[in-house]
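Take a look at the letters that make up each chain.
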Amino acid sequence: LGQDSRQREALIREQMAFVESRHEELREAYLGQEQTHVELRKKVAQLTALHRAGLLFGSTFDRETLLAHVLDTLTKDLHYDRAMVSMFDPLRSVIRHVRVTGASDDVLAYTQDCEVPVTDRNSPEGKVVLQGIPLLIQDIQSVWQDLHPINRRLAELSRSRSLIIVPLKAKDHILGTLTVDRTRAHSLGQEDLELMATVATQVAIALDNASAYQQIEEWNVGLEL
């Protein structure tokens, strides 16, 4: 009887271990499916936002209206903490931060007359506007000493920790940069970089079209005179 009892107990323990193992496998499979669903929903939301953004960017030739649409898309539809458009002057080799969304009054006041000289091709600013390289900076401390002091102060005011800077490139020249950031380190990744590169392409085309339209308007005025 004792031997039979021990055999039954061993069998019960074996069955319980199997059930627990199977339960864990099913739990992991369920969590994997949930993660896949979350990622799919996120991807669909991003693609929908990009489609709407493309239509919106192409609906105006007014630069200020266009930039407002761009920054609203990045902060409201794509959920970045802040977004900034900067324009590059190749003749003077300076970057001007022309418009920011999602920032405090201190940041807005600081960027109002900001001009960042770009002289080093290998600085973070130089890589973007002089070499056309998009940057994913997962922790700003990793490039802190290489940033221009003006941008260092801007990062302090905005409490930026993770950011992406992509060039706005139209045809063979760089118009400026598009920047998004978050206040938590390592909160941006490769997927965000690819998304921003797509947005930057749309924005650069729209800015180039707006510039061409403005030139045509000026020529028409000149002809009328």
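Scroll up to find the structure this text is about.
Here goes a summary of the coordinates provided. Small disclaimer: the values here were computed from a predicted structure and weren't measured.

For the structure shown, the criterion picks out 8 salt bridges. Across the pair R99 and E64 runs a salt bridge whose closest N-O atoms are separated by 3.1 Å. In this pair, R99 sits in strand β2 (residues 94-101) while E64 sits in helix α2 (residues 63-77), placing the two residues 35 residues apart along the sequence. Between K171 and D208 there is a salt bridge, and its shortest N-O distance comes to 3.5 Å. Taken together, the residues K171 in the loop between β5 (162-170) and β6 (173-182) and D208 in helix α6 (residues 190-224) connect sequence positions 37 residues apart. K171 sits in the exposed class, given a relative accessible area of 71%. Given the relative accessible area of 17%, D208 is considered buried. Within this structure, R63, E64 and R99 form a network of salt bridges that share partners.

This brings us to α2. Counted at 1.5 Å a residue, the expected span for α2 with its 15 residues is 21 Å, and the 20 Å between its end C-alpha atoms agrees. By the burial criterion, the buried members of α2 are L66, L67, V70, L71, T73, L74 and T75. Downstream of α2 by one or two residues, H79 has phi in the positive range, about 65°.

Here we take up the environment of P167. Relative to the assigned elements, P167 resides in strand β5. Distance from P167 to S86, taken between C-alpha atoms, is 9.5 Å for residues 81 residues apart in sequence. When sequence neighbours within four positions are dropped, the list of residues in contact with P167 reads V128, G132, I133, P134, I174, G176, T177 and A200.

This paragraph deals with helix α5 (residues 149-158). For α5, every residue scored as buried is listed here: N151, L154, A155 and S158. Down the axis of α5, the smallest arc covering the buried residues is 100°, so these residues share one side. Structurally, α5 contributes buried residues whose contacts are with β1 (82-89), β2, α3 (105-111), β3 (115-117), α4 (124-129) and β6. Looking one or two residues past α5, R159 carries a phi angle of roughly 60°, positive in sign.

Let's shift gears to the layout of surface pockets. Using a probe with the size of a water molecule, rolled over the atoms, empty space left in the structure can be pinpointed. Size it by volume and the largest pocket reaches roughly 280 Å³. For the largest pocket, the lining is made up of 14 residues, of which R63, M87, L175, L207 and S211 are closest to its centre. Those elements that provide at least two residues to the lining of the largest pocket are β1, β6 and α6. Of the residues assigned to the lining of the largest pocket, the class counts are 6 nonpolar, 3 polar and 5 charged.

Scanning the model with the defined rule gives 1 cavity of 30 Å³ or more in all. As a volume, the largest cavity reaches approximately 350 Å³. Lining the largest cavity are 24 residues; nearest its centre among them are M84, L154, L163, I165 and T179. Elements represented by at least two residues in the lining of the largest cavity include exactly β1, β2, α4, α5, β5 and β6. When its residues are assigned to classes, the lining of the largest cavity shows 14 nonpolar, 7 polar and 3 charged.

On to the sheet that holds β2. Here we have 6 strands laid out as an open sheet, ordered β3-β2-β1-β6-β5-β4, and antiparallel in their pairing. The open sheet is flanked by β3 and β4 (135-137), the only strands paired with a single partner. Sheet twist, expressed as the average angle between the axes of neighbouring strands with direction ignored, equals 25°. Sheet strands touched by α2: β1, β2 and β6. Its angle to β2, the strand with the most contacts, is close to 65°. Its contacts with the sheet place α5 against β1, β2, β3 and β6, and it is angled at close to 135° to β3.

Before going further, it helps to examine the nonpolar core. Counting residues in hydrophobic clusters, the biggest one holds 31 residues, and the most contacted among them are L74, L168 and L178. When contributions to this core are tallied by element, the ones reaching two or more residues are α1 (2-57), α2, β1, β5, β6 and α6. Top contributing element to this core by residue count: α6, with 9 residues. Here L74 is in contact with H79, Y80, A83, L178, V180, M196 and V199, once residues within four sequence places are set aside.

Conventions used here
- Residues numbered from 1 in each chain as written.
- Predicted model: local features only at pLDDT ≥ 70, side-chain atom pairs only at ≥ 80, totals over all residues.
- Heavy atoms only, no water.
- Salt bridge = Lys/Arg side-chain N within 4 Å of Asp/Glu carboxyl O.
- Helix = DSSP H or I, 4+ residues; strand = E, 2+ residues; numbered from the N terminus.
- Buried < 20%, exposed > 50% of the residue type's maximum accessible area, 1.4 Å probe, protein only.
- Expected span 1.5 Å × (residues − 1).
- Contact = heavy atoms within 4.5 Å.
- Arc of directions from axis to C-beta.
- 1 Å grid on protein atoms, 1.4 Å probe; cavity = no way out; pocket = protein on both sides within 12 Å on 5 of 7 lines; lining within 4 Å.
- Points joined across faces, edges and corners; volume = space filled by probe spheres on them.
- Nonpolar A, V, L, I, M, F, W, Y, C, P; charged D, E, K, R; others polar.
- Pairing = 2+ DSSP bridges.
- Axes fitted to C-alpha atoms, helices over the stretch in contact; angles between N-to-C directions.
- Core = buried A, V, L, I, M, F, W, Y, C linked by side-chain atoms within 4.5 Å.

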